[in-house]
2 protein chains.
Amino acid sequence: MAGPIEDFYAVIPAGGIGSRLWPLSRADAPKFLHDLTGSGHTLLHDTWHRLEPLTGRDRIAVVTGRAHRAAVEKELPGILDKNLFLESEPRDSTAAIGLAAAVLSRREPDVIIGSFAADHVIRVPHLFEWAVRQAVEVAREGFVCTIGIQPSEPSISFGYIKKKRQLVIEGAPEAALVESFVEKPDLETAKEYFASRDHLWNAGMFISRADVLLGEIADNQPALYAGLMDLAEAWDDRDARGPVVDRVWPTLPKIAIDYAVAEPAAEKGRLAVVPGHFDWDDVGDFASLAKLNSKGRKNDLAVLGKNARILSDAASGIVVSQTSRVISLIGVNDIVVVDTEDALLVTTSEHAQRVKGVVDALKLNGRGDVL
Amino acid sequence: MAGPIEDFYAVIPAGGIGSRLWPLSRADAPKFLHDLTGSGHTLLHDTWHRLEPLTGRDRIAVVTGRAHRAAVEKELPGILDKNLFLESEPRDSTAAIGLAAAVLSRREPDVIIGSFAADHVIRVPHLFEWAVRQAVEVAREGFVCTIGIQPSEPSISFGYIKKKRQLVIEGAPEAALVESFVEKPDLETAKEYFASRDHLWNAGMFISRADVLLGEIADNQPALYAGLMDLAEAWDDRDARGPVVDRVWPTLPKIAIDYAVAEPAAEKGRLAVVPGHFDWDDVGDFASLAKLNSKGRKNDLAVLGKNARILSDAASGIVVSQTSRVISLIGVNDIVVVDTEDALLVTTSEHAQRVKGVVDALKLNGRGDVL
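Identification of chain A as Mannose-1-phosphate guanylyltransferase from Microbacterium immunditiarum is taken from an unreviewed UniProt entry.

Structure follows, in structure tokens:
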């Protein structure tokens, strides 16, 4: 079972800034370019190396903004030029993944692509591999396949995927058909989902044959599909690419792949799911970052920052230190302190979700210099 | 009643760092060199200008550390060289005030000195003046006289002075004999004191004839007295001062004037008190600083810092901003945030008293660079 999977190609959309992690995440230092686990590596680097055993190093594409080209190449010195897809501006995930699918499909008609966010944290790699290997077998059968995370608690932070019935597919014993997607629930509902065992967390991982994916886009977003075809035709022609990108890319509809592909496919019985038994987190806010870095101990202040100089009696929460300044915390619990050169955030785990509001307010107040 | 008071000389001991206000107050930027009220001036500057109408500008002495000479001269460009008493090292308040008293008494035997801390906040100057004018008349009669602040609430943050009986002294209708000093009380006791109306806050202001003050020191601290006499004899002799200071100053017993003078004088019926009806605060910690700067509104975040860029939904507490960084507070109340170039403090009003413990811990941990 070891070794690269035949026909498989990984696509890493590296786009979002991660506004809920401001002022750590910024336009010029998005979430995927940070080490959020103390591993010594960025999330992008970890994502790449998690995929490499499944694809080989020459079969991982990254779709990112032009502004991040240098940073991405520094993080991923092994990336081939042909695997770097640069966006002139963000057009959301369907355009990003669709572009890669369209280009790769022209290069290699039978290619099966799997898209994996650049800024998620995954532990226990062999369980991740096992899920992906199953998902690729499901994709070979013509399904769009997602990997849904087996919940470890009744979380209200994630959307859920409801399983319908098991599928019988060689090499994918855990595959099931998806009945529907459900939005982030309230706690009561989350508890029901958790107890039911037939609801999985939506981690936004999609694996399918490129032609199947493009077919879904064609069905559901024909204008977007047409644009992707124009781009793909010109992409590998050095002279043609630039003008077509300039003309077409800015016109592509902005829509998340969940809405453009996954939900419509689910409705038509063409979406499958494989459960993921690995630890997964999308590190959506500082509360989740604190949890991730508290080393399993509930009563522990998490600290992120190589040169952190902390003097604290706080029993929980997180300090992110990007400066050399001494940080002293007295009598504050569940606190979130993010100390960067030009901005300081102080909040609590409970209010961590509201950080995005600050970013919006800073934009409105003309303080974009710190975003 | 206006104009300088005959024989009167003000002494401003400018010594303490104000550790409970770290990291705002530092060894090289002690509390008295900060603007803590948003007045645009340091506490030392305000103290000086509060006294000037009572003494004239040539009769205010400042006792401070050698390290602060330049800063003090910058703050007080009008200070005469003969009024600047420089300590080679801190020897507590009896040595500081006693030195000024001994030297001034040789220059001017009938001098009445009043000592006023450099780092207190006082509002309503004409009420302050009225109290000082009464206190000087009491001092003329041979008493050591203190100004006790009429409490505005049952505070547990201050020591109290218990009045015994009224004195009949021309020009000092409110003067009373002091029965005793009492330490910071618990809340129950503070409420009794407040209701009794015969307890005043000890603000550490002492007014007395220099010879009376020195007599008390002679009675209670003979070794200290002998040292002060040696210093005073040499002080105004340019050649003699240096060697005597080097030899004597470091040997002086360290004792607060409350213990060396005020309490023994009270026991012997030689301490009087005049009530102060002005607003007074020793700005002992950040909770008190927050209160002082909240403009009387209880639900208001106080902000100190000319260039503060704050985005906050906090309804109370204080932010002290010494950097240009954007400070964002979400969902934290009664918060204390002190943001300086090399140190950051986050605590709450409730825990503000514990800041001194951090300073001690930083010393122990070899982080004296930020103290």
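A. Main features of the overall build of chain A. Looking only at helices and strands, chain A features 11 helices and 17 strands. In terms of overall size, chain A behaves like a compact globule, its C-alpha atoms giving a radius of gyration of 21 Å where 371 residues would be expected to give roughly 21 Å. Along the longest, intermediate and shortest principal axes, the C-alpha atoms of chain A span 60 × 50 × 40 Å. For chain A, with 371 residues in total, the buried portion stands at 56%. The contacts of chain A with a sequence gap of at least 6 include a subset with a gap of at least 24, amounting to 67%. When the accessible surface of chain A is split by element, carbon and sulfur atoms take 49% of a total near 15300 Å². Charge separation in chain A, taken as the distance between the mean sites of 41 positive and 53 negative side-chain charges, equals 2 Å.

B. Geometry of the pattern of salt bridges. What the rule picks out here adds up to 43 salt bridges over all chains. Glu108 of chain B is the salt-bridge partner of Arg59 of chain B, the closest N and O atoms lying 2.6 Å from each other. Within this pair, whereas Arg59 of chain B is found in the loop between helix 1 (43-55) and strand 2 (60-65), its partner Glu108 of chain B is found in the loop between helix 3 (92-107) and strand 4 (112-115), the two being separated by 49 residues in sequence. One continuous salt-bridge network, built from bridges that share partners, spans Glu216, Asp219, Lys268 and Arg270 of chain A.

C. Examining the UniProt feature "domain: Nucleotidyl transferase" (unreviewed entry) in chain A more closely. Cross-referencing UniProt, the feature "domain: Nucleotidyl transferase" (unreviewed entry) maps to residues 10-295 of chain A in the present numbering. Helix makes up 41% of residues 10-295 of chain A and strand 22%, with an end-to-end C-alpha separation of 30 Å.

D. Broad picture of the interface of chain A and chain B. Between chain A and chain B, the residue contacts involve 36 residues of the former and 36 residues of the latter. In this assembly, chain A packs against chain B so that about 2700 Å² is buried in total across both faces, 60% of it on carbon and sulfur atoms. Considering only the side of chain A, the residues that lose the most area to chain B are Arg325, Ile330 and Leu344 of chain A, jointly responsible for 25% of the buried surface there. At the boundary of chain A with chain B, the tally comes to six salt bridges. Between chain A and chain B we count 20 residue pairs in polar contact (both at pLDDT 80 or more) in total. Only strand 13 (309-312), strand 15 (326-329), strand 16 (335-339), strand 17 (343-348) and helix 11 (355-364) of chain A provide two or more residues apiece to the side of chain A that touches chain B. In terms of residue count, the dominant contributor to the side of chain A that touches chain B is strand 17 of chain A (six residues). Residue classes in the side of chain A that touches chain B are distributed as 19 nonpolar, eight polar and nine charged. Here strand 15 of chain A pairs with strand 17 (residues 343-348) of chain B via four bridges, running parallel. By the bridge assignment for strand 17 of chain B, Ser328 of chain A is matched with Leu345 of chain B.

E. Looking closely at the domain arrangement of chain A. All names here are of chain A. With domains assigned, chain A is organised as domain 1 (8-281) and domain 2 (286-370). Here the C-alpha centre of domain 2 lies 29 Å away from the C-alpha centre of domain 1. Counting residues at the interface gives 16 residues for domain 1, matched by 22 residues for domain 2. At the boundary of domain 1 with domain 2, total buried surface from both sides reaches about 1700 Å², with 59% on carbon and sulfur atoms. Among the residues of domain 1 in contact with domain 2, Arg20, Trp22 and Leu24 are the three that bury the most area, contributing 40% of the side total. Remark: the boundary between domain 1 and domain 2 carries two salt bridges.

F. Up close: the UniProt feature "domain: MannoseP isomerase/GMP-like beta-helix" (unreviewed entry) in chain A. In this numbering, the UniProt entry assigns the feature "domain: MannoseP isomerase/GMP-like beta-helix" (unreviewed entry) to residues 316-362 of chain A. The span residues 316-362 of chain A is 17% helix and 43% strand, and its two end C-alpha atoms sit 28 Å from each other.

G. Spotlight on helix 1 of chain B. Residues and elements named next belong to chain B. End to end, helix 1 covers 18 Å across 13 residues, agreeing with the expected 18 Å (1.5 Å per residue, within 8%). Three or more residues of helix 1 are buried, namely Leu43, Leu44, His45, Thr47, Trp48, Arg50, Leu51, Leu54 and Thr55. Where helix 1 is buried, its residues touch strand 1 (8-14), strand 2, helix 2 (69-75), strand 5 (121-123) and helix 4 (125-140). Immediately downstream of helix 1, the backbone of Gly56 shows phi near 85 degrees, a positive value.

H. Summary view of the environment of Leu127 of chain A. Residue and element names in this part refer to chain A. By the secondary structure assignment, Leu127 is in helix 4 (residues 125-140). Accessibility expressed as a relative area gives 24% for Leu127, which makes it partly exposed. Taking the C-alpha atoms as reference points, Leu127 and Arg309, 182 residues apart in sequence, are found 36 Å from one another. In this view, Leu127 contacts His277 and Phe278; residues no more than four positions away in its chain are not counted.

I. Seen up close, the pairing of strand 1 (residues 8-14) of chain A. Residues and elements named next belong to chain A. The buried fraction of strand 1 is high, at seven of seven residues. Residue alternation in strand 1 divides its side chains into two sets, Phe8, Ala10, Ile12 and Ala14 and Tyr9, Val11 and Pro13, and both sets are buried. By the bridge criterion, four bridges tie strand 1 to strand 4 (residues 112-115) in an arrangement that is parallel. The residue of strand 4 that forms the bridge with Val11 is Ser115. With helix 1 (residues 43-55) bridging strand 1 and its parallel neighbour strand 2 (residues 60-65), the resulting β-α-β unit is right-handed.

J. Seen up close, the sheet that holds strand 14 (residues 317-321) of chain B. Strand order across the open sheet formed by six strands is 13(A)-15(A)-17(B)-16(B)-14(B)-12(B), with mixed pairing between neighbours. Each edge of the open sheet carries a strand with a single partner, namely strand 13 of chain A together with strand 12 (302-304) of chain B. This sheet shows a mean twist of 10 degrees between the axes of neighbouring strands, independent of strand direction. Relative to strand 13 of chain A, helix 11 (residues 355-364) of chain B is tilted by about 135 degrees, and along the sheet it contacts strand 13 and strand 15 of chain A together with strand 17 of chain B.

K. Broad picture of the relation of the copies chain A and chain B. Mapping chain A onto chain B leaves a residual RMSD of 0.0 Å; the transformation is a rotation of 180 degrees accompanied by 0.0 Å of translation along its axis. In short, the pair behaves as if placed about a two-fold rotation axis. No C-alpha of chain A lies nearer the rotation axis than that of Val346 of chain A, which sits 4.2 Å from it. In this assembly the copies share their binding face: 100% of the residues contributing to the interface of chain A also contribute to that of chain B.

L. Expanded view of the sheet that holds strand 16 of chain A. Across the sheet, six strands lie side by side as 12(A)-14(A)-16(A)-17(A)-15(B)-13(B); this open sheet has mixed pairing. Each having just a single partner strand, strand 12 (301-304) of chain A together with strand 13 (309-312) of chain B make up the two edges of the open sheet. Direction aside, neighbouring strands of the sheet carry axes that sit 10 degrees apart on average. Looking at chain direction, strand 16 of chain A and strand 17 of chain A are connected through five bridges and run antiparallel. Within strand 17 of chain A, the residue paired with Val338 of chain A across the bridge is Leu345 of chain A. Of the strands in this sheet, strand 12, strand 14 (317-321), strand 16 and strand 17 of chain A are in contact with helix 10 (residues 286-293) of chain A, which crosses strand 14 of chain A at around 95 degrees.

Conventions adopted
- Residues numbered from 1 in each chain as written.
- Chains lettered and ligands numbered in written order.
- Predicted model: local features only at pLDDT ≥ 70, side-chain atom pairs only at ≥ 80, totals over all residues.
- Heavy atoms only, no water.
- Helix = DSSP H or I, 4+ residues; strand = E, 2+ residues; numbered from the N terminus.
- Rg over C-alpha atoms; globule rule 2.2 N^0.38 Å.
- Buried < 20%, exposed > 50% of the residue type's maximum accessible area, 1.4 Å probe, protein only.
- Contact = heavy atoms within 4.5 Å.
- Areas by Shrake-Rupley, 256 points an atom, 1.4 Å probe, with all protein chains shown as cover.
- Lys, Arg positive; Asp, Glu negative; His and termini not counted.
- Charge placed at Lys NZ, Arg CZ, Asp CG, Glu CD.
- Salt bridge = Lys/Arg side-chain N within 4 Å of Asp/Glu carboxyl O.
- UniProt positions renumbered as here; feature names shortened; annotations may be inferred.
- Buried area = accessible area lost by both parts, 1.4 Å probe.
- Polar contact = N/O pair within 3.5 Å; in protein donor to acceptor, adjacent residues only side chain to side chain.
- Nonpolar A, V, L, I, M, F, W, Y, C, P; charged D, E, K, R; others polar.
- Pairing = 2+ DSSP bridges.
- Domains from an automatic or database assignment.
- Expected span 1.5 Å × (residues − 1).
- Right-handed = clockwise from strand over helix to strand, strands pointing away.
- Axes fitted to C-alpha atoms, helices over the stretch in contact; angles between N-to-C directions.
- Least-squares fit on C-alpha atoms with pLDDT ≥ 70 in both.

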